[in-house]
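As a plain string of letters, each chain reads:
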Amino acid sequence: DTGVSQNPRHKITKRGQNVTFRCDPISEHNRLYWYRQTLGQGPEFLTYFQNEAQLEKSRLLSDRFSAERPKGSFSTLEIQRTEQGDSAMYLCASSLLGGGSPLHFGNGTRLTVT
Amino acid sequence: AQSVTQLGSHVSVSEGALVLLRCNYSSSVPPYLFWYVQYPNQGLQLLLKYTSAATLVKGINGFEAEFKKSETSFHLTKPSAHMSDAAEYFCAVSLNNQGGKLIFGQGTELSVKP
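Criteria and thresholds
- Residues numbered from 1 in each chain as written.
- Chains lettered and ligands numbered in written order.
- Predicted model: local features only at pLDDT ≥ 70, side-chain atom pairs only at ≥ 80, totals over all residues.
- Heavy atoms only, no water.
- Helix = DSSP H or I, 4+ residues; strand = E, 2+ residues; numbered from the N terminus.
- Rg over C-alpha atoms; globule rule 2.2 N^0.38 Å.
- Buried < 20%, exposed > 50% of the residue type's maximum accessible area, 1.4 Å probe, protein only.
- Contact = heavy atoms within 4.5 Å.
- Lys, Arg positive; Asp, Glu negative; His and termini not counted.
- Charge placed at Lys NZ, Arg CZ, Asp CG, Glu CD.
- Polar contact = N/O pair within 3.5 Å; in protein donor to acceptor, adjacent residues only side chain to side chain.
- Core = buried A, V, L, I, M, F, W, Y, C linked by side-chain atoms within 4.5 Å.
- Pairing = 2+ DSSP bridges.
- Axes fitted to C-alpha atoms, helices over the stretch in contact; angles between N-to-C directions.
- Buried area = accessible area lost by both parts, 1.4 Å probe.
- Salt bridge = Lys/Arg side-chain N within 4 Å of Asp/Glu carboxyl O.

Bringing the overall build of chain A into the picture now. For chain A, the count of helices and strands is zero helices and eleven strands. Tracing chain A from N to C terminus, the helices and strands come up as β-β-β-β-β-β-β-β-β-β-β. Relative to a compact globule of 114 residues, whose C-alpha radius of gyration would be 13 Å, chain A shows 13 Å and is just as compact. Expressed along its principal axes, the backbone C-alpha trace of chain A runs to roughly 40 × 25 × 20 Å. With 114 residues in all, chain A has 47% of them scored as buried. The long-range share in chain A, meaning contacts at least 24 apart out of those at least 6 apart in sequence, stands at 53%. Charge centroids of chain A, computed over 14 positive and 11 negative side chains, lie 6 Å from each other.

Looking now at the side chain of Lys101(B). With respect to the helices and strands, the residue Lys101(B) is situated in the loop between strand E9 (87-94) and strand E10 (103-104). Owing to a relative accessible area of 10%, Lys101(B) belongs among the buried residues under this scheme. A polar contact of 2.5 Å, which involves the side chain of Lys101(B), links it to the side chain of Glu56(A). Ignoring anything within four residues of it in the chain, the contact list for Lys101(B) reads Tyr33(A), Tyr35(A), Phe45(A), Glu56(A), Val93(B) and Ser94(B).

By size, the foremost hydrophobic cluster in this structure holds 26 residues, and its most contacted members are Trp35(B), Leu47(B), Leu48(B), Phe74(B), Leu76(B) and Tyr89(B). When contributions to this core are tallied by element, the ones reaching two or more residues are strand E2 (10-14), strand E3 (19-26), strand E4 (32-38), strand E5 (44-50), strand E7 (64-68), strand E8 (73-78), E9 and strand E11 (108-113) of chain B. Setting aside its immediate chain neighbours within four residues, Leu48(B) contacts Leu33(B), Phe34(B), Trp35(B), Val57(B), Lys58(B), Gly59(B), Phe63(B), Glu64(B), Ala65(B), Phe74(B) and Leu76(B). Membership of the second largest hydrophobic core comes to 19 residues, among which are Val19(A), Leu32(A), Trp34(A) and Ala88(A).

What follows deals with the sheet that holds E8(B). Residue and element names in this part refer to chain B. Taken in spatial order, the five strands line up as E1-E3-E8-E7-E6 in an open sheet, and their pairing is antiparallel. Two strands lie at the open edges of the sheet, namely strand E1 (3-7) and strand E6 (56-58), each paired on one side alone. Across the sheet, the mean angle from the axis of one strand to that of its neighbour is 20°, orientation sign disregarded. Where E3 lies against E8, four bridges are found, and the strand directions are antiparallel. Across the sheet, Leu21 pairs through a bridge with Leu76, a residue of E8.

This part covers the sheet that holds strand E3 (residues 19-24) of chain A. Residues and elements named next belong to chain A. Sheet architecture is open: four strands sit in the order E1-E3-E8-E7, paired in antiparallel fashion. Each end of this open sheet is capped by a strand with a single partner; those strands are strand E1 (5-7) and strand E7 (65-68). Ignoring strand direction, the axes of neighbouring strands in this sheet form an average angle of 15°. Here three bridges tie E1 to E3, and the two strands are oriented antiparallel to one another. Paired with Gln6 across the two strands is Cys23, which belongs to E3.

Listed per partner, the contact involves 23 residues of chain A and 21 residues of chain B. Summing both sides of the interface, chain A and chain B together bury roughly 1,700 Å²; the carbon and sulfur share of this comes to 51%. In terms of surface lost to chain B, no three residues of chain A exceed Gly100(A), Pro102(A) and Phe105(A), which account for 24% of the buried area on that side. Taken together, the links from chain A to chain B amount to one salt bridge. Taken together, the connections running from chain A to chain B amount to seven residue pairs in polar contact (both at pLDDT 80 or more). Mapped by element, the contributors of at least two residues to the side of chain A that touches chain B are strand E4 (31-37), strand E5 (44-50) and strand E9 (88-95) of chain A.

Structure, rendered in structure tokens:
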């Protein structure tokens, strides 16, 4: 169990630029989740995958956001035309199937939009 | 829809004192409940989980939580606080029919005074 890996750890970008984050889940985990966390708040659910299928997207996930998990392994989260309000910590987590399976989180990617 | 309320955004205790962090949930069906801890600039680490077995759940680092259905509560306790317990704590709920995603509370920041 090497844990969930996220890259990069930090990203600073100018408003209007596109950014892409990568998440490598624990290898045997079928489910992969993306969350967003702003300062002083709990993580907010964005979307999740079961294998390569994206099964749910939050209303928080505007059309500027897109996530993929092309082969059911790693996932990418892209934000197009970034806005200052996108500044946040983006957390990835993975889990096994089954009710009550805990989510295992990566250390996150901190995005700052200037 | 399910939700989680953590009472008290900040709790301060003395080293060696009892730690009590409060969590109440709202769910129309029996939920799965979790406590996570987050240290600065890191992801979330699972402390413990309730999945309908024993109502008193023991976790890592000496923490435990008790599920009380009548009170819709899942409070986190530790008999004796250590300086290393200072962190942000999140309570979360999930339902079996919602793909395992977690809904988090707003978090409680625990400070430990020497």
